[in-house]
Amino acid sequence: MGDATGANDPVVEAVFDAVAGIAPEIRDALPGRRVESGTENPSGETVLAGDMYADELLADALTAIDGVGAFVSEERPEATDAGEGYSVAIDPLDGSSNLRSNNTMGTVIGVYDAPLPAPGRDLVAAGYTLYGPITTMVVADESGVREEVVERDPNATGEDGPEGASRSVVDEDLTLPDEPTVYGFGGRIPDWPDAFLEYAREVESELKLRYGGSMVGDVNQVVTYGGVFAYPTLVDDPEGKLRLSFEGNPIAYVIERMGGASSDGSGSILDIEPDGLHDRVPLYVGNEALIDRLEAALDDE
Ligand code: FDP
């Protein structure tokens with residue numbers, strides 16, 4: 001497998017090049033793919049045509065990279081074998097229910113130096129693309145966290161495939177702002193356990209609400225302004241909604257590399273030993289002091 005750091009690793013670079021190269025194609029395809037595809041993903045959720053299109057483009061490009069051993073997607077029940085090397089876990093279109101209302105969505109990427117399922121400690125790099133007013137990509141590896149702007153290469157044609165975009169670093173050392181400003185919590189308030197509700201009441205008296213309903217968009221608010229994002233444990237769904245391998249681990253990796261903290265309510269997300277590829281996890285990420293307070297609040301329950 002790779003050098004187990006991800007830093008300056010040509011395979012990791014090729015993975016993020018491929019994801020960036022496909023971003024313009026995914027964006028172009030979205031207007032016509034706001035409808036349901038007629039299928040459900042392994043978590044029992046309705047898949048939009050946009051999810052399937054992004055999944056197929058990414059599978060083709062990522063399995064063609066030398067050094068990628070497996071492609072694993074939130075939309076597929078099993079891993080796709082690609083030879084020897086890293087396992088790349090993808091949420092092709094995170095927040096895709098925002099497609100109908102034309103709000104932000106993204107692609108989440110986790111590069112693991114192990115066959116999946118594996119704990120987040122096996123990640124060598126992780127990140128996400130954000131299809132906002134600007135297409136950006138946040139890339140984290142052992143060397144740190146960078147924000148890049150992804151732009152279509154004006155000389156590229158549809159046949160250029162993953163070579164069709166340029167990546168420009170706009171911030172080469174992203175760290176979580178010391179003074180937290182924003183929070184965003186998913187799920188319905190009546191479904192939150194009392195201990196989380198109490199924590200939320202404190203946080204909302206201190207910080208500003210920023211919630212759009214796509215994990216990548218809401219996490220990027222925290223990345224930009226500091227604060228806390230949660231998709232918590234729910235009364236009837238103790239594991240919450242988000243998927244550990246495709247969403248929880250990559251986002252926890254990014255936030256921890258930025259100097260923040262992640263938790264499932266009792267410890268770092270990255271320490272969880274998964275049972276299956278599509279395990280869910282309650283996700284809490286943000287400034288360390290806010291995550292410490294969250295763990296203390298849930299512990300008191
Ligand atoms: P979506 O279902 O639109 O793809 O796990 C996916 C996700 O969005 C997250 O991006 C988001 O944080 C969460 O689900 C929102 O779910 P609900 O609207 O069901 O609370």
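Residues numbered from 1 in each chain as written. Predicted model: local features only at pLDDT ≥ 70, side-chain atom pairs only at ≥ 80, totals over all residues. Heavy atoms only, no water.

Domain boundaries assigned for the chain yield domain 1 (2-171) and domain 2 (182-299). With centres defined by C-alpha atoms, the gap from domain 1 to domain 2 works out at 22 Å. Taken together, the contacts link 43 residues of domain 1 with 33 residues of domain 2. Buried surface at the junction of domain 1 and domain 2, both sides included, amounts to about 2,800 Å², of which 59% is carbon and sulfur. Seen at the junction of domain 1 and domain 2, the total is 4 salt bridges. Put simply, arginine 121 and aspartate 271 hold a salt bridge, and the shortest N to O gap is 2.7 Å. Where domain 1 touches domain 2, the interface holds 14 residue pairs in polar contact (both at pLDDT 80 or more). Element by element, the count of residues in the side of domain 1 that touches domain 2 is highest for strand 7 (residues 123-131), at 7 residues. Its residues placed into classes, the side of domain 1 that touches domain 2 shows 23 nonpolar, 11 polar and 9 charged. (Domains from an automatic or database assignment. Contact = heavy atoms within 4.5 Å. Buried area = accessible area lost by both parts, 1.4 Å probe. Salt bridge = Lys/Arg side-chain N within 4 Å of Asp/Glu carboxyl O. Polar contact = N/O pair within 3.5 Å; in protein donor to acceptor, adjacent residues only side chain to side chain. Helix = DSSP H or I, 4+ residues; strand = E, 2+ residues; numbered from the N terminus. Nonpolar A, V, L, I, M, F, W, Y, C, P; charged D, E, K, R; others polar.)

In this section: the site of the ligand. Near the ligand lie 13 residues; those nearest to it are Ser97, Met215, Tyr231, Lys241 and Glu247. Taking serine 96, its main chain carries an N or O atom lying 3.2 Å from an oxygen atom of the ligand. The separation between an oxygen atom of the ligand and a polar side-chain atom of glutamate 247 is 2.8 Å. Alone, the ligand offers 460 Å² of accessible surface; in the complex the protein occludes 78% of this. A breakdown of the residues in the shell around the ligand according to their chemical character gives 3 nonpolar, 6 polar and 4 charged. There are two domains that each give the shell around the ligand at least three residues, and those are domain 1 (2-171) and domain 2 (182-299). (Near = heavy atom within 4 Å. Areas by Shrake-Rupley, 256 points an atom, 1.4 Å probe, with all protein chains shown as cover.)

Here the focus is the sheet that holds strand 8 (residues 135-141). One open sheet holds the 8 strands; their spatial order is 4-3-5-6-7-8-9-10, and the pairing between them is mixed. At either margin of the open sheet sits one strand with a lone partner, and together these are strand 4 (80-81) and strand 10 (165-171). By the bridge criterion, 7 bridges tie strand 7 to strand 8 in an arrangement that is antiparallel. Bridging from a neighbouring strand, leucine 130 pairs with threonine 136 of strand 8. With respect to the sheet, helix 5 (residues 244-257) is in contact with strand 3 (68-73), strand 5 (86-94), strand 6 (105-112), strand 7, strand 8 and strand 9 (144-152), its orientation differing from that of strand 7 by roughly 100°. (Pairing = 2+ DSSP bridges. Axes fitted to C-alpha atoms, helices over the stretch in contact; angles between N-to-C directions.)

Right, let's talk about the confidence of the model for the chain for a bit. When pLDDT is averaged across the chain, the result is 92; 94% of the residues are at 70 or more. Within the model, the stretch residues 1-5 combines pLDDT values under 50 with 16 contacts to residues more than four positions away or in other chains. (pLDDT = per-residue confidence, 0-100.)

This part is about the environment of glutamate 142. Secondary-structure assignment places glutamate 142 in the loop between strand 8 and strand 9. At 3.0 Å, the side chain of glutamate 142 and the side chain of arginine 257 are in polar contact.

The full count for this structure, using the stated rule, is 7 aromatic pairs. Aromatic side chains tryptophan 192 and phenylalanine 196 sit 5.0 Å apart centroid to centroid with 90° between the ring planes, which places their arrangement in the edge-to-face category. Here tryptophan 192 and phenylalanine 196 have matching classes, each one buried. Ring geometry for phenylalanine 196 against tyrosine 199: centres 6.1 Å apart, planes inclined by 40°, an arrangement best described as tilted. Within this pair, phenylalanine 196 and its partner tyrosine 199 are both found in helix 3 (residues 194-206), separated by 3 residues, close to a single helical turn. Take phenylalanine 196 and tyrosine 199: they sit in the same class, and that class is buried. One aromatic cluster in this structure is built from Tyr183, Phe185, Trp192, Phe196, Tyr199 and Tyr284. (Phe/Tyr/Trp six-rings, centres within 6.5 Å; stacked < 30°, edge-to-face > 60°. Buried < 20%, exposed > 50% of the residue type's maximum accessible area, 1.4 Å probe, protein only.)

A word on helix 1 (residues 10-29). For helix 1, built from 20 residues, the straight-helix expectation of 28 Å at 1.5 Å per residue is met to within 8% by its first-to-last C-alpha distance of 29 Å. Its side-chain oxygen placed 2.8 Å from the backbone nitrogen of valine 11, aspartate 9 serves as the N-cap of helix 1. (Expected span 1.5 Å × (residues − 1).)

Here we come to the side chain of serine 262. Structurally, serine 262 can be placed in strand 14 (residues 261-263). In this structure the side chain of serine 262 is engaged in a polar contact, spanning 2.8 Å, whose partner is the side chain of glutamate 256. Polar side-chain contacts of serine 262 include one of 3.1 Å to the backbone nitrogen of isoleucine 269. Not counting residues within four places of it along the chain, the set of residues in contact with serine 262 comprises Ala252, Glu256, Gly267, Ser268, Ile269, Leu270, Tyr284, Val285 and Ile291.

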